[in-house]
Amino acid sequence: MKTARHNSILDYIPSSPKSTSVKKLKVTLSQNGLELSHRMLQRDLQSLYEQGCFGLEKDTRSKPYGWSINAQWRGGSAKIMSSEVAEHYLLLEQLLPQSVPSDVKRSVHTKAEQALKRFNGHVPDWLATLPKSSLKVNIDTHLVAQIEHAIKHKRAVSAELYRVLYDEAHWLKFAELSFYNLVEQGGVLMAQFMVGQLHDKCYQMPVYRIRNVHILQKTRREPSAEQLKSLRSAINKGMKQETIELIVKVPNHSAVNQGFIELGELIDKQQIDDKNVLLTYQTIDTEQLTDELFKCAHWIEVAKPEKLRQRIISKLKAATTNYL
């Protein structure tokens, strides 16, 4: 998601001699649907500036610093793409791995189409002769084919699913699963399924967290309309929540610090002392996140945002009351 975020930031920075501050840019981005913290925006701008390939300029003569895009980089107008920028977008489209989210692909493809017009439909010679990207998507095509076969022929399967239990990651064996759909969500291939014969809920999980699928000589379960509605509601509910900057204090040896439990996009990591680390995430505020943090409240401390911290405290007080 960084590519899409950086692309949006660059789009709203004016061409020199005009400039904008971090505070003003944050407001502009918010008005156009992109909520970023002041701290994250500062880091993104500095990162783009240090890369030196986006025409980004920083005026440090006074504070707050002024940010602008070199006018020549944009051909003297924000609506006209320079040849340098055009070449960058055409190259980026060639090197873009298939595993990136679909909205990022669309954004880059749109820019690449504009770039092609800059060259009157003819790709520069050095780009035309560039070898195809060696980047490969780590997708187990055999696994996907097995799941598709099971769905098509309505067969139950056995498989192992990647789960985190009691702060430790495990591959757990399930004797019977009923896959009924494969969908793409945010550029990730997801499998939808039911567990066993008695469990009523439908689940959704990334395909890369599934392995050792064996097709059984048994007809799969079919989810009811109500069960499908419940799954869609859970998915949509999670997608509609607001983006937050989550800061947590965790032990060095914890599953979170080791990367087995992901609380969002890790954007900062600071060692506090010999035993603890402070992690900062860009994430979505959902009930599932609150439940995950509450389950681990005996070793995870939520530092920010304050409203989420207070939510955990309220749950802890309610739990304490039950055991007094």
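About the criteria used
Residues numbered from 1 in each chain as written. Predicted model: local features only at pLDDT ≥ 70, side-chain atom pairs only at ≥ 80, totals over all residues. Heavy atoms only, no water. Helix = DSSP H or I, 4+ residues; strand = E, 2+ residues; numbered from the N terminus. Contact = heavy atoms within 4.5 Å. pLDDT = per-residue confidence, 0-100. Salt bridge = Lys/Arg side-chain N within 4 Å of Asp/Glu carboxyl O. Buried < 20%, exposed > 50% of the residue type's maximum accessible area, 1.4 Å probe, protein only. Arc of directions from axis to C-beta. Pairing = 2+ DSSP bridges. Axes fitted to C-alpha atoms, helices over the stretch in contact; angles between N-to-C directions. Phe/Tyr/Trp six-rings, centres within 6.5 Å; stacked < 30°, edge-to-face > 60°. Lys NZ or Arg CZ within 6 Å of the ring centre and 35° of its normal.

### A closer look at the environment of Leu-34
If you trace the backbone, Leu-34 turns up in the loop between helix H2 (22-31) and helix H3 (38-51). Put simply, Leu-34 and Thr-243 are 209 residues apart on the chain and 9.3 Å apart in space, counted from C-alpha to C-alpha. Not counting residues within four places of it along the chain, the set of residues in contact with Leu-34 comprises Arg-5, Ser-8 and Leu-29.

### Observations regarding the environment of Lys-315
Here Lys-315 lies in helix H10 (residues 306-322). As for Lys-315 and Phe-294, which are separated by 21 residues in sequence, their C-alpha atoms are 7.5 Å apart. Once residues within four sequence positions are removed from consideration, Lys-315 is found in contact with Thr-290, Asp-291 and Phe-294.

### Things to note about the confidence of the model for the protein chain
Mean pLDDT over the protein chain stands at 79; residues scoring 70 or higher make up 77%. pLDDT under 50 marks residues 131-137. Its contacts with residues more than four places away, or in other chains, come to six contacts.

### A few points about the pattern of salt bridges
Taken as a whole and assessed by the stated rule, the structure comprises 11 salt bridges. One salt bridge connects Asp-44 with Arg-5, and the closest N-O pair in it is separated by 2.7 Å. Of this pair, Asp-44 sits in helix H3 while Arg-5 is found in helix H1 (residues 2-11), placing the two residues 39 residues apart along the sequence. Asp-44 sits in the buried class, given a relative accessible area of 6%. When the shortest N-O distance is used, the salt bridge between Asp-268 and Arg-39 registers 2.6 Å. With Asp-268 in strand S9 (residues 265-271) and Arg-39 in helix H3, this pair connects stretches of sequence that are 229 residues apart.

### Looking at H2
Of all the positions in H2, only Val-22, Leu-25 and Leu-29 are classed as buried. Along H2, the residues classed as buried sweep out an arc of 60° about the axis, all on the same side. Facing away from the buried surface of H2 by more than 90 degrees, the exposed residues are Lys-23, Lys-24 and Gln-31. Positive phi appears at Gly-33, one or two residues downstream of H2, with a value of about 90°.

### Focus on the environment of Glu-292
When you line up the elements, Glu-292 lands in helix H9 (residues 287-295). Relative accessible area serves as the criterion here: at 26%, Glu-292 is assigned to the partly exposed category. Considered as a pair, Glu-292 and Ile-261 are 31 residues apart in the sequence and their alpha carbons are 9.6 Å apart. The contacts of Glu-292, once residues within four sequence positions are left out, are Ile-261 and Leu-263.

### Details of the sheet that holds strand S8 (residues 243-251)
As summarised here, the arrangement of the four strands in space is S9-S10-S8-S11, forming an open sheet in which the pairing is antiparallel. Two strands close off the open sheet at either side, each with one partner strand: S9 and strand S11 (301-304). Each strand axis lies, on average, 25° off the axis of its neighbour in the sheet, ignoring direction. Looking at chain direction, S9 and strand S10 (residues 276-284) are connected through six bridges and run antiparallel.

### Remarks on H9
Every buried residue of H9 is accounted for by Leu-289, Thr-290 and Leu-293. Along the axis of H9, the buried positions cluster into a sector of 100°, meaning they face one direction only.

### Regarding the packing of aromatic side chains
Scanning all chains against the criterion turns up three aromatic pairs. Seen from their ring centres, Tyr-162 and Trp-171 are 5.3 Å apart, and the 65° between their planes marks the pair as edge-to-face. Seen from their ring centres, Phe-179 and Phe-193 are 5.6 Å apart, and the 65° between their planes marks the pair as edge-to-face. Remark: Phe-193 occurs in strand S5 (residues 188-195) and Phe-179 occurs in strand S4 (residues 168-185); sequence separation between them is 14 residues. Across the pair, Phe-193 and Phe-179 agree in class, each one buried. Put simply, the rings of Phe-179, Phe-193 and Tyr-203 touch in pairs and so form one group of aromatic residues. We note Lys-315 situated over the ring of Phe-294; from NZ or CZ to the ring centre the distance is 5.6 Å.

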